[in-house]
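Secondary and tertiary structure notes
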Amino acid sequence: MARRTKIYEGKAKILYEGPEPGTIVQYFKDDATAFNAQKKDVIEGKGVLNNRLSEFFMTGLNQIGVPTHFIKRLNMREQLVRQCEIIPLEVIVRNFAAGSMAKRLGIEEGLQLPRPIVEYCYKDDKLGDPLVTEEHIAAFGWASQQDMDDILSLALRVNDFLSGVMMAVGIKLVDFKIEIGRVYDGDFQRLIIADEISPDSCRLWDIETGQKLDKDVFRRDLGSLTDAYTEVARRLGVMPKSSTPISKPTLIN
Ligand code: TMP
């Protein structure tokens, strides 16, 4: 079989050239990193779960008219996506105080925010993805004013969709991060949701117990990350228990 051309390898995913021009194959690795890769581990099955969960969320968004890069899932770890120019921003939407915002402002984690708060970080691992304002984004030309209007509206639509989907299965969407890509259709350009949407890029808390079902389980050493992600997938009906391919072989006595 012909060797595929690797375009880029990130911390959690690898991108390969796709079968058609303008397409990319996105491969989900089992690697987990936190604190800008200072903490690292391989979590067996994480890539399979995130491939499925990102497919689930992106498909739902496409169906309600929020454009995403997702085309189709190819296999357990790969999906075909539309190639786009990634805008160098991490767009974070917060519904409850947590993580870096709770720390920065000295607010208790879990406080419900009076309205969703949108934050932007400049995507640069060497700098640790610093928080930036729209002034920086405009001054350094990372996105235009029209882009920023479109990004805000996309981010809030994703927030409404994800909050509703998660609430229906007893999970609170505390916050999440998305990345935005630019695509060209003839003379027109438009923005779409890219990268992934998964428990790696969201904070998800059980509504009843407050149990964390996202990457904070890894960041804060709270238990099994695969158990947490499998629970999210199970509740959403994404991966029925019987077909969960992540259990290790067990000895039968
Ligand atoms: P933060 O509170 O650490 O800034 O994270 C906000 C949200 O962004 C949270 O849902 C986790 C997600 N996130 C990423 O997806 N990638 C990252 O590198 C970081 C730091 C956070």
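So, here's what we can say about the structure.

About the criteria used
Residues numbered from 1 in each chain as written. Predicted model: local features only at pLDDT ≥ 70, side-chain atom pairs only at ≥ 80, totals over all residues. Heavy atoms only, no water. Salt bridge = Lys/Arg side-chain N within 4 Å of Asp/Glu carboxyl O. Helix = DSSP H or I, 4+ residues; strand = E, 2+ residues; numbered from the N terminus. Pairing = 2+ DSSP bridges. Axes fitted to C-alpha atoms, helices over the stretch in contact; angles between N-to-C directions. Contact = heavy atoms within 4.5 Å. Expected span 1.5 Å × (residues − 1). Buried < 20%, exposed > 50% of the residue type's maximum accessible area, 1.4 Å probe, protein only.

1. Section: the pattern of salt bridges
- Within the structure shown, the criterion is met by 30 salt bridges.
- The partner of aspartate 221 in a salt bridge is lysine 39, with the nearest N and O atoms 2.8 Å apart. Highlighted residues: aspartate 221 in the loop between helix H5 (216-219) and helix H6 (225-236) and lysine 39 in strand S5 (residues 39-42), separated in sequence by 182 residues.
- Between arginine 235 and glutamate 231 there is a salt bridge, and its shortest N-O distance comes to 2.8 Å.

2. What to know about the sheet that holds strand S3 (residues 23-28)
- The sheet built from five strands is open, its strands ordered S1-S2-S3-S7-S6 with antiparallel pairing. The open sheet has two free edges, formed respectively by strand S1 (6-9) and strand S6 (70-73), since each of these has just one partner strand. For this sheet, the mean angle separating the axes of adjacent strands, direction not counted, is 25 degrees.
- Where S1 lies against strand S2 (residues 13-17), three bridges are found, and the strand directions are antiparallel. Opposite glutamate 9, over in S2, you have isoleucine 14 as the bridge partner.
- Strand contacts of helix H1 (residues 46-63): S3, S6 and strand S7 (78-82), with the helix running at about 135 degrees to S6, the strand carrying the most contacts.

3. Some words on the pairing of S5
- Relative to S5, strand S4 (residues 31-34) is paired through four bridges, and the arrangement is antiparallel. Its bridge partner being in S5, alanine 32 is matched across the sheet by aspartate 41.
- What sits between the antiparallel neighbours S4 and S5 is a turn of four residues, in which phenylalanine 35 has the positive phi angle 50 degrees.

4. Structural notes on H6
- Between its first and last C-alpha atoms H6 spans 17 Å; for twelve residues at 1.5 Å apiece the expected length is 16 Å, and the two agree.
- Within the sequence span of H6, burial applies to Leu225, Thr226, Ala228, Tyr229, Thr230, Val232, Ala233 and Leu236.
- Looking at the buried side of H6, the elements it contacts are H1, helix H4 (145-167), strand S12 (171-185), strand S14 (202-206) and H5.
- In the stretch just after H6, glycine 237 is the one whose phi turns positive, near 70 degrees.

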